[in-house]
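Chain by chain, the residues:
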Amino acid sequence: MVKKSFLKILGLGLTLTMLCGCSGNKATTDAPAGTEGQPSAPAKASDADQDSAETDTENAEQSATDEASSQQDNAEASGDSAENSTGEDSTSDSADADSTSNAAETGDYLAKYKPVLDESYNCITDDKYYENATIYTPMGLMEIQNYREKSDLLENVGYILTDVSGDGIPELMIADNTDSEYEDGEPHSIVLGCYTLKDDEPFMVIEGWARNSYEWIGNGQFSYLGSGGAMNTYIGSCHLSEDGTKIIWDTYYFSDEVDGELKYFTNTTGSDEISDSEEFIPEGADGIWGYEADPPCPKLEITPFKEYLGASDSVDDDARNPAKMQSEKIAYFYIPGPGTESCSADLDGDGKDETITYDMAVDENDMTTSFSLNINGRDYEMPNEGDLYYYAMRGLDCFWFRTNNEAKNHYLYMQYTSDSDYLMTAMYKFDGKKFTHLYDLNGAIAFWKMKEGAEYEYTYPTDPDDFFVESSQQILGTQFVTQRCKIGADGMPEPIEEFMYYQTGAEPYISASKLIPCDLMADENATKGVANAIWQDNMVTPYRTDGKTFIDLKVESYPGLYRIYYAMKDGRYVLTYTDGMLGSALITECFNGLNFAG
């Protein structure tokens, strides 16, 4: 049930991305013929219900130092452990047929989950959503809100109450029913968030996004697919613990690079650590993809958000229309996909619109074969360089930057959506005679900016010398950052501020797994810090980074910024300031709660 568009990328190599599902159970088998002495392959996934023995995993590493900061007490951890355990499998009936309570009880539970529903609804409908602190909004919803139309989200994203864990208390699932491009032709629901009640308050158990995807497969189970880059793929199936507060892994397979070679590992704890897993050699020509299953995937019978709070079927999308970016220096036009059509925009800044006719052809696999623009009767071929031809058929947001440089070059940024549902940007220089491909940026022009205090302000770029670019980092998990930029002399975004700011929620979810040396910066304007430390179990939130050597963290309940220093070593990020720290300097072993999507 892999998406057709997903298979295109697989054909290019191990560029392993998102949005397909799997299910099955883990069992060991004898080593295949010709592999004596090598790790054996686990049994491939099956559709049967599964039981798995409960195993708690803890980070047992403890550290202490007499030189730690006196500003912090070594208090108990303020959050529940996010580590996985396995337990008795509990199943529920298919969600579209399940009814766990009468209407009055359903209303009571909806009232308890109202904070989640309100935040999710506001994420879709409020143009200034990013100004508000978020506690419950799943990252996947914030992702798709960036590039999908409001009316589409209200129609296809919704919620459902159903007893997933089987304890008699219904969980709330936020799901996207849009995806239907699967080879099996079956409907599917992508689970953006799954919540239960803990101490009578909503508690998020599952959070999905583009490259950390959960899909409902019925009978209380979810399939999982994650990607951390070309060498890192994660496949599994899981269910919830009996009380609904933890993920129980039935199967978990992943790939990783070891001494320059691609290796495969398996466990039933959901750990990405090689030391916690058993190496195996995948059977069959499909490799690790052969461990996916094709279970029934009922589409959840969600209540669409257009029906929440009496929202109308007809939604005015003008408030989020990128055409608002039209200005004296920036023009905008949209290309919806294959075909030949015309649009208009003032490209030269004379106050009159030019007619732009685009001609895009694709083959039987929806791959772009030719793409050209005709501007006021003159044809210009768009170079087939970078990745644009792989994704242009999905639609292009086009930003035309008029500059005042001596060469009188203009620059065209074409934003597209990749297979991982991340926004990318193909950048071109236009000298009046032809388009020249500059670069494909792993990021996009941001529709909002960071205000003082890490709050968001919804805005549109109108000046080539001052706009924001969003990109992703893979250091403290997958994090998105924005940086203030201008069009540089080479047509590329050039930073005009030192820092990149992290786009994080209001509640910290990362904790220190040991005592971590750092510099304490008194405030944002401090140029020099004093030696300090982050205590084990302190909750931290990434705030800003120079993108090269350091990250400034906020530590819950303490003032100032705690600066940690990092570098890449043997393909992995490590801390470089480690005075007094015990054990490994790998960032993944210094912090708990890191979520990598790629």
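Every value quoted in this text rests on a predicted model; they were computed, and no experiment measured them.

Definitions and limits used
Every chain is numbered independently, its residues counted from 1 as its sequence is written. With the structure being a predicted model, the display of local features is reserved for residues of pLDDT at least 70 and the display and counting of side-chain atom pairs for 80 or more, all residues being used for whole-chain, interface and lining totals. Calculation of side-chain values draws on the structure's entire complement of heavy atoms; hydrogens and water are dropped beforehand. Secondary structure elements are taken from DSSP: a helix is a run of H or I of four residues or more, a strand is a run of E of two residues or more, and numbering for both begins at the N terminus. Think of it in three bands: with a 1.4 Å probe and only protein chains considered, a residue is buried below 20% of the maximum accessible area for its type, exposed above 50%, and partly exposed in between. Residues are treated as being in contact if the distance between any of their heavy atoms lies within 4.5 Å. Throughout, the Shrake-Rupley method with a 1.4 Å probe supplies accessible areas, and for residues the shown protein chains are the sole cover considered. Whether two strands pair depends on DSSP finding at least two bridges between them. Disulfide: a pair of cysteine sulfur atoms within 2.5 Å of each other. Every axis in this analysis is a line fitted to C-alpha atoms, fitted for helices over the stretch in contact. Angles between the N-to-C directions lie between 0 and 180 degrees. The score called pLDDT rates the predictor's confidence residue by residue, from a low of 0 to a high of 100. Planes of paired rings set the category: under 30 degrees apart is stacked, over 60 is edge-to-face and the rest tilted, where pairs are Phe, Tyr or Trp rings (Trp by its six-membered ring) whose centres lie within 6.5 Å. Lysine and arginine charges are scored as sitting over a ring when NZ or CZ, respectively, is within 6 Å of the ring centre and within 35 degrees of the ring normal. The salt bridge definition used is simple: a Lys or Arg side-chain nitrogen within 4 Å of an Asp or Glu carboxyl oxygen. By nonpolar core is meant a set of buried Ala, Val, Leu, Ile, Met, Phe, Trp, Tyr and Cys residues that side-chain atoms within 4.5 Å join together.

Enquirer: I'd like to hear about the overall build of the protein chain, residue by residue, with values.
Expert: Scanning the protein chain from N- to C-terminus turns up 7 helices and 35 strands. Taken over 598 residues, the protein chain has a buried fraction of 53%. Looking at the protein chain alone, contacts between residues at least 24 apart form 56% of all its contacts between residues at least 6 apart. When the accessible surface of the protein chain is totalled, it reaches about 26000 Å², and 43% of it is carbon and sulfur.

Enquirer: Go over the pairing of strand β12 (residues 330–335), please, and point to the residues and values.
Expert: Here is the key point about a regular strand: its side chains alternate between the two faces of the sheet. Counting buried positions along β12 gives 5 out of 6 residues, so the element sits mostly inside the fold. Where β12 and strand β17 (residues 396–402) come together, 6 bridges link them in antiparallel fashion. Bridge pairing links F333 to C398 in β17.

Enquirer: I'd love a proper account of the state of the cysteines, names of residues and values included.
Expert: Following the criterion strictly, the structure yields 0 disulfides and no others. Among the cysteines around C194, which has no disulfide bond, C238 carries the closest sulfur, lying 9.5 Å off. For C194, a relative accessible area of 0% translates into the label buried.

Enquirer: With reference to specific residues and values, describe the sheet that holds strand β15 (residues 368–375).
Expert: The strand order across the open sheet built from 4 strands is β13-β14-β15-β16, with neighbouring strands paired in antiparallel fashion. Edge positions in the sheet fall to β13 (339–345) and β16 (378–381), since each has one partner strand and no second. Strand-to-strand, the axes of this sheet are offset by a mean angle of 25 degrees, without reference to chain direction. Pairing analysis gives 7 bridges linking β13 to strand β14 (residues 354–362), with the strands arranged antiparallel.

Enquirer: Requested: an account of the confidence of the model for the protein chain, with residues and values cited.
Expert: Per-residue confidence for the protein chain gives a mean pLDDT of 77; residues scoring 70 or more make up 71%. Segment residues 1–41: pLDDT under 50, and 148 contacts once partners within four positions in sequence are set aside and those in other chains are kept. This stretch, residues 310–320, has a pLDDT under 50; its non-local contacts, to residues over four places away or in other chains, come to 23 contacts.

Enquirer: Go over the environment of T369 with me, naming the residues and quoting the values.
Expert: Note on placement: T369 falls in strand β15. By relative accessible area, which is 47% here, T369 ends up partly exposed. Sequence separation between T369 and N384 is 15 residues, and the spatial gap between their C-alpha atoms is 8.7 Å. Among all residues touching T369, those that are not within four sequence positions of it are A361, V362, D363 and Y389.

Enquirer: So what's going on with the packing of aromatic side chains? Which residues, and what values?
Expert: Per the counting criterion, the structure on display carries 30 aromatic pairs. Of the aromatic side chains, those joined through ring pairs into one cluster are Y214, Y224, Y234, W249, Y252, F254 and F265. One cation-aromatic arrangement involves R544 over F499; the distance from NZ or CZ to the ring centre is 3.9 Å. For R563, the ring lying beneath its charged end belongs to F550, and the centroid distance is 3.7 Å.

Enquirer: Can you lay out the pattern of salt bridges for me, pointing to particular residues and giving the numbers?
Expert: Applying the stated criterion across every chain, the model contains 12 salt bridges. Close ionic contact of D176 with R148 constitutes a salt bridge, the shortest N to O distance being 2.8 Å. A residue pair is termed long-range when its members are at least 10 positions apart, and D176 in strand β2 (residues 171–176) and R148 in the loop between α4 (139–145) and α5 (150–156) qualify at 28 residues. By relative accessible area, which is 5% here, D176 ends up buried. Residue R544 is joined to D552 by a salt bridge in which the shortest nitrogen-to-oxygen separation is 2.8 Å.

Enquirer: Give a detailed account of the environment of G377, specifying residues and quantitative values.
Expert: Relative to the elements of secondary structure, G377 occurs in the loop between β15 and β16. Along the primary structure G377 and T357 are separated by 20 residues, whereas in three dimensions their C-alpha atoms are 8.5 Å apart.

Enquirer: So, the side chain of S120: which residues are in play, and what are the values?
Expert: Structurally, S120 can be placed in helix α3 (residues 114–125). A relative accessible area of 0% means that S120 is categorised as buried. Apart from the residues lying within four places of it in its own chain, the contact partners of S120 are T137, P138, L141, I174 and F305.

Enquirer: I'd like a rundown of the sheet that holds β12, residues and numbers included.
Expert: On the basis of which strands lie adjacent, the open sheet formed by 5 strands has the order β12-β17-β18-β19-β20 and antiparallel pairing. Because the sheet does not close on itself, it has two edges, and the strands there are β12 and β20 (435–441). Averaged over all neighbouring strand pairs, the angle between strand axes comes to 20 degrees, with direction disregarded. Two elements, strand β18 (residues 410–417) and strand β19 (residues 423–430), share 8 bridges in a ladder whose sense is antiparallel. Paired with Y413 across the bridge in β19 is M427.

Enquirer: Describe in detail the nonpolar core, supporting the description with residues and values.
Expert: If you look at the biggest cluster of nonpolar residues, it comprises 29 residues, and the most contacted ones within it are I335, F371, L373, L396, L412, M414 and F435. When residues of this core are traced back to their parent elements, those giving at least two are β12, β13, β14, β15, α6 (388–391), β17, β18 and β19. No other element matches the 4 residues that β19 contributes to this core. Aside from chain neighbours lying at most four places away, what touches F371 is I335, Y358, D359, M360, E381, M382, L388, Y389, L396 and M414.

Enquirer: Which residues make up the pairing of strand β8 (residues 247–258), and what values do they have?
Expert: With 10 of 12 residues buried, β8 lies mostly within the body of the structure. As paired strands, strand β7 (residues 233–240) and β8 are joined by 7 bridges and run antiparallel to one another. Across the sheet, residue H239 finds its bridge partner in β8, namely I248. In this antiparallel pair of consecutive strands, β7 and β8, the connection spans 6 residues, and G244 shows a positive phi of 80 degrees. As judged from the 7 bridges shared by β8 and strand β9 (residues 261–267), these two strands associate in the antiparallel manner. Along β9, the bridge assignment pairs D256 with K263. Between β8 and β9, which follow one another and run antiparallel, lie 2 residues, and D259 among them has a positive phi close to 55 degrees.

Enquirer: Lay out unusual backbone geometry with the relevant residues and their values.
Expert: The backbone phi angle of D537 is positive, close to 80 degrees, even though this residue is not glycine. Relative to the assigned elements, D537 resides in the loop between β30 (530–534) and β31 (539–545). A relative accessible area of 26% places D537 in the partly exposed class. Positive phi outside glycine occurs at S557, with the angle close to 80 degrees. Here S557 lies in the loop between β32 (550–555) and β33 (561–569). Look at S557 and you get exposed, because its relative accessible area is 70%.

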